[in-house]
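Single-letter residue listing:
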Amino acid sequence: MKTVRPKKNLGQHFLTDLGIAKAIADTVDACPDIPVLEVGPGMGVLTQYLTEKSRPLRVVEIDKESVAYLNEHFPQLKGQVISDDFLRMDLSRLFDGQPFVLTGNYPYDISSQIFFKMLDYKDYIPCCTGMIQHEVALRIASQPGNKAYGILSVMIQAWYDVEYLFMVDEHVFNPPPKVKSAVIRMTRNNVEHLDCDERLFRTVVKTVFNQRRKMLRVSLRQLFPKGAAADLFEHPMMTMRPEQLTIPQFVALTNLVGQELEKVNQNGDA
């Protein structure tokens, strides 16, 4: 087997620049001494530099042709090449419950899903690095008041410190994507629990950003029965739009919504 054919249905764009590959591999050094999981290694351009690091390494690849290539060309990874869909894996048992670094040249079309899965396993993933679409990287790193600020920005920054590291041009891939790429690093912050119902927090964030141009008092009405929560919609925060809110303000908003939902439930039970 000489090479692997990039498959459009899997969003495969194989990195060909070894200097960039090494630079991406080196981003995991910010979280030393713990195992590394690489997602979507393809033909191992990033893998070859990760194997040089003195730490356990496993790779997960959904493409059977790539799995065969990796097993043939990386004998040092015997037993560590996982043929599976990352999005369906139970990550809590991956390294016997140890924390690990998540890295990779992530497929563009599922990168957001990958990071939402990271959030589900945030207690196991103190550091996540890798390459994604430039626009997605900007969204993740964006601050309030910016048009790129959205669901990914809030959900990830609530738990991780985000560093936008560097941009990568299209011509260093086979086949070249139609967009630029960027390398980022996300490192767990000191937040262990949000001061609110975390499931409701996610619902509130998604609800208001799904109507990001609307004031909060408009988008949040869908969470309540018609005519309910009148006091909530008179709150000064209700005239703001979601891109204006900081994460602490989203926490405060979640608590306000939670209090009103509790009143609605109590009235319904009465």
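Our structure is the block above this text.
In short, a report on the structure.

## A few points about the packing of aromatic side chains
Aromatic ring pairs are described here by two measures, namely the spacing of the ring centres and the angle between the planes. Taken as a whole and assessed by the stated rule, the structure comprises six aromatic pairs. Ring plane angle 55° and centroid distance 6.3 Å describe the contact between Y121 and Y124, whose orientation is recorded as tilted. Residue class for Y121 comes out buried when judged on its relative accessible area of 17%. Ring geometry for F224 against F233: centres 5.9 Å apart, planes inclined by 85°, an arrangement best described as edge-to-face. In terms of burial, F224 and F233 fall into one category: buried. Feature note: the residues Y149, F209 and F250 constitute an aromatic cluster, connected by ring pairs. When the ring centre of F233 is taken as origin, the NZ or CZ atom of R221, which lies over that ring, is 4.2 Å away.

## Examining unusual backbone geometry
The phi torsion at D96 lies on the positive side, around 55°, for a residue other than glycine. Position of D96 among the secondary structure elements: in the loop between β4 (81-83) and β5 (101-104). Among the residues examined, D96 registers a relative accessible area of 75% and is labelled exposed. Not every positive phi belongs to a glycine, and A229 is a case in point at roughly 60°. Among the structural elements, A229 can be located in the loop between α8 (216-219) and α9 (247-269).

## Looking at the sheet that holds strand β3 (residues 57-61)
Pairing is mixed in the open sheet, where seven strands are placed in the order β4-β3-β2-β5-β6-β9-β7. Both outer strands of the open sheet, β4 and β7 (160-168), are each paired with one neighbouring strand and no more. Taking the axes of each pair of neighbouring strands and ignoring which way they run, one obtains an average angle of 20° across the sheet. The sheet strands contacting helix α3 (residues 64-73) are β3 and β4, and the helix crosses β4 at an angle near 160°.

## Some remarks on the nonpolar core
Within the largest apolar cluster, 60 residues are counted, with the highest numbers of intra-cluster contacts made by L102, F115, M118, F201, F250 and L253. Elements represented by at least two residues in this core include exactly β2 (36-39), α4 (111-120), β6 (127-133), α5 (134-141), α6 (151-157), β9 (181-188), α7 (198-209) and α9. Apart from residues lying up to four places away in sequence, L253 is in contact with V204, L216, L220, M237, M238 and L245. Ranked by size, the runner-up nonpolar core spans 28 residues in total, among them C31, V45, L57 and C127.

## Overview of the environment of R55
Looking at where R55 falls in the secondary structure, it is placed in the loop between α2 (47-50) and β3. Residues R55 and G104, 49 residues apart in the sequence, show an inter-C-alpha distance of 16 Å. The residues touching R55, leaving out its near neighbours within four places in the chain, are V28, D29, C31, P32, D33, I34, V36 and V101. Side-chain polar atoms of R55 contact the backbone oxygen of I34, separated by 2.8 Å.

Criteria and cut-off values
Residues numbered from 1 in each chain as written. Predicted model: local features only at pLDDT ≥ 70, side-chain atom pairs only at ≥ 80, totals over all residues. Heavy atoms only, no water. Phe/Tyr/Trp six-rings, centres within 6.5 Å; stacked < 30°, edge-to-face > 60°. Buried < 20%, exposed > 50% of the residue type's maximum accessible area, 1.4 Å probe, protein only. Lys NZ or Arg CZ within 6 Å of the ring centre and 35° of its normal. Helix = DSSP H or I, 4+ residues; strand = E, 2+ residues; numbered from the N terminus. Pairing = 2+ DSSP bridges. Axes fitted to C-alpha atoms, helices over the stretch in contact; angles between N-to-C directions. Contact = heavy atoms within 4.5 Å. Core = buried A, V, L, I, M, F, W, Y, C linked by side-chain atoms within 4.5 Å. Polar contact = N/O pair within 3.5 Å; in protein donor to acceptor, adjacent residues only side chain to side chain.

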